[in-house]
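# Structural characterization, general
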Amino acid sequence: MAHEQISKSDLLDRIDAGTPIQACLLFQLNLVDEDFTGAKFEDCIFDETDVSEAEFVDASFINCDLSTAQLKSAKFDNVTFENCRFFNSTSHKGISFERVEMRDVQFEQCNLSNASFMGTKLFEVRFADCKMMGIDLRRAILGREVGNNKMLRDVRFEDCQLDYAKLNELNFDDCKIVRSRLMGADLSNSSFYSADLSESDLANVLHDRTNFENANLQGANLDSIDITALSGIRNMKVSESQLAAIISKFGIHVVPG
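In this report, the structure presented in the accompanying data block is examined. (Residues numbered from 1 in each chain as written. Predicted model: local features only at pLDDT ≥ 70, side-chain atom pairs only at ≥ 80, totals over all residues. Heavy atoms only, no water.)

## So, the pattern of salt bridges
For the structure shown, the criterion picks out eight salt bridges. For Arg126, the salt bridge goes to Glu158, with nearest N and O atoms at 3.0 Å. Note that Arg126 is positioned in strand S12 (residues 121-128) and Glu158 in strand S16 (residues 155-158), a separation of 32 residues in sequence. Each of the two residues, Arg126 as well as Glu158, counts as buried. With a shortest N-O distance of 2.8 Å, Arg138 and Asp136 are connected by a salt bridge. Residue classification places Arg138 among the partly exposed residues on the basis of a relative accessible area of 36%. A cluster of three or more residues bridged by salt bridges with shared partners is formed by Glu108, Arg126 and Glu158. (Salt bridge = Lys/Arg side-chain N within 4 Å of Asp/Glu carboxyl O. Helix = DSSP H or I, 4+ residues; strand = E, 2+ residues; numbered from the N terminus. Buried < 20%, exposed > 50% of the residue type's maximum accessible area, 1.4 Å probe, protein only.)

Put into C-alpha cells, the structure is as follows:
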C-alpha cells in the first residue's frame with residue numbers, strides 16, 4: 001500500500017477538521033504535547049515520530065504501525081487499537097510505554113511483544129487476542145487510587161500470548177488473565193488475589209512466593225506449579241481433575257467412593 005507522507009501542519013489541520021487520517025506516513029514528526037482528541041488513524045505509519053506528552057481522547061488506531069514511535073508520558077483515554085504493531089521486526093525491540101497513562105483503552109489483535117511498561121498507569125485496559133511475548137510490566141501501576149490508599153484495578157488479558165513475560169513483583173488482584181498462554185512467564189512475588197486465570201496455560205511459569213488466594217484457576221494448566229512455593233492458596237478455585245493432579249504430587253492418590 002502506498003502511503004502519503006504528511007506534514008505536521010497538514011496533519012493537525014485534518015485533525016481539527018475531523019478528517020480521518022488514512023494511509024499516511026508520519027515521518028520523524030515532532031508532535032510533542034499535541035491534542036489529538038477525536039483523531040482516527042487507519043493504515044498509518046508512525047516512523048520515528050514523537051508523540052510524547054500528547055493527549056489522545058476518544059481516538060482510534062486501525063492497522064497502524066507504531067513500532068518506532070516515541071510515546072513517553074502520552075495520555076490515552078477512551079482509545080482503541082485494532083490490529084496495530086508495536087513490535088519492530090527488524091530490531092526485535094518492543095515499544096516503550098514509559099510513564100504513559102491509559103484509561104478505558106482497548107488493544108485487539110495487536111503485536112506488543114517485548115514492550116516495556118515502566119511507570120505506565122493502566123486502568124480499565126483490555127488486551128484481547130494480542131501477541132505480548134516478553135513484555136515487561138514491572139513497575140507498571142495496575143489501577144487507580146480511589147481513597148484511603150485503596151486501589152481499584154481493572155486490567156484484562158483475554159486470549160493473549162504472554163510467553164516469557166515479566167509479570168513479577170506486581171499486584172494483579174481482581175484482574176483477569178483468561179484463556180491466555182504464559183509459558184515461562186515470571187509471576188514471582190506477585191499477588192493474584194481474587195484474580196481470574198481460568199483456562200490459561202501456566203506451563204513452566206516462575207512462581208516463587210506467588211499469591212493465588214481466592215483466585216480462579218479452573219481449567220488452567222497447573223502441571224508445573226509447586227504448591228509449596230506459593231505464598232497463598234486459601235480459597236483458590238480449581239476443578240476436581242486439577243485437584244487430583246495437585247494432590248498426586250505429594251504421593252497421595254484420590255480413590256473414588
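## Remarks on the state of the cysteines
Scanning all chains against the criterion turns up zero disulfides. The thiol of Cys24 is not disulfide-bonded; the next cysteine sulfur, from Cys44, is found 5.1 Å away. Cysteine Cys44 is unpaired, with the sulfur of Cys64 as its nearest cysteine sulfur at 4.8 Å. (Disulfide = S-S within 2.5 Å.)

## Let's talk about the side chain of Ser52
Position of Ser52 relative to the elements: it lies in the loop between strand S5 (45-47) and strand S6 (55-57). For Ser52, a relative accessible area of 10% gives the class buried.

## Brief notes about the nonpolar core
The tendency in soluble globular proteins is for nonpolar side chains to be buried as a group. Counting 76 residues, the largest nonpolar core has Phe41, Phe61, Phe107 and Phe127 as the members making the most contacts within it. If you list the elements that add at least two residues to this core, you get helix H1 (8-17), strand S3 (24-27), strand S8 (75-82), strand S11 (101-108), S12 and S16. Residues within four places of Phe107 in sequence aside, it is in contact with Phe81, Phe86, Met102, Leu112, Val125, Arg126, Phe127, Ala128 and Cys130. (Core = buried A, V, L, I, M, F, W, Y, C linked by side-chain atoms within 4.5 Å. Contact = heavy atoms within 4.5 Å.)

## Notes on the sheet that holds S5
Across the sheet, three strands lie side by side as S1-S3-S5; this open sheet has parallel pairing. Across the chains shown, the open sheet's two edge strands, defined by having one partner strand only, are strand S1 (4-5) and S5. Relative to S5, S3 is paired through three bridges, and the arrangement is parallel. Bridge pairing in S5 links Leu26 to Phe46. (Pairing = 2+ DSSP bridges.)

## Quick notes on H1
Buried within H1 we find Leu11, Leu12 and Ile15. Looking down the long axis of H1, one finds its buried residues gathered within 90° of arc, a one-sided arrangement. In this structure, H1 carries Asp16 and Ala17 as exposed residues pointing more than 90 degrees from its buried face. Contacts from the buried residues of H1 go to strand S2 (21-22), S3 and strand S4 (40-42). Following H1 by one or two positions, Gly18 has its phi on the positive side, about 80°. (Arc of directions from axis to C-beta.)

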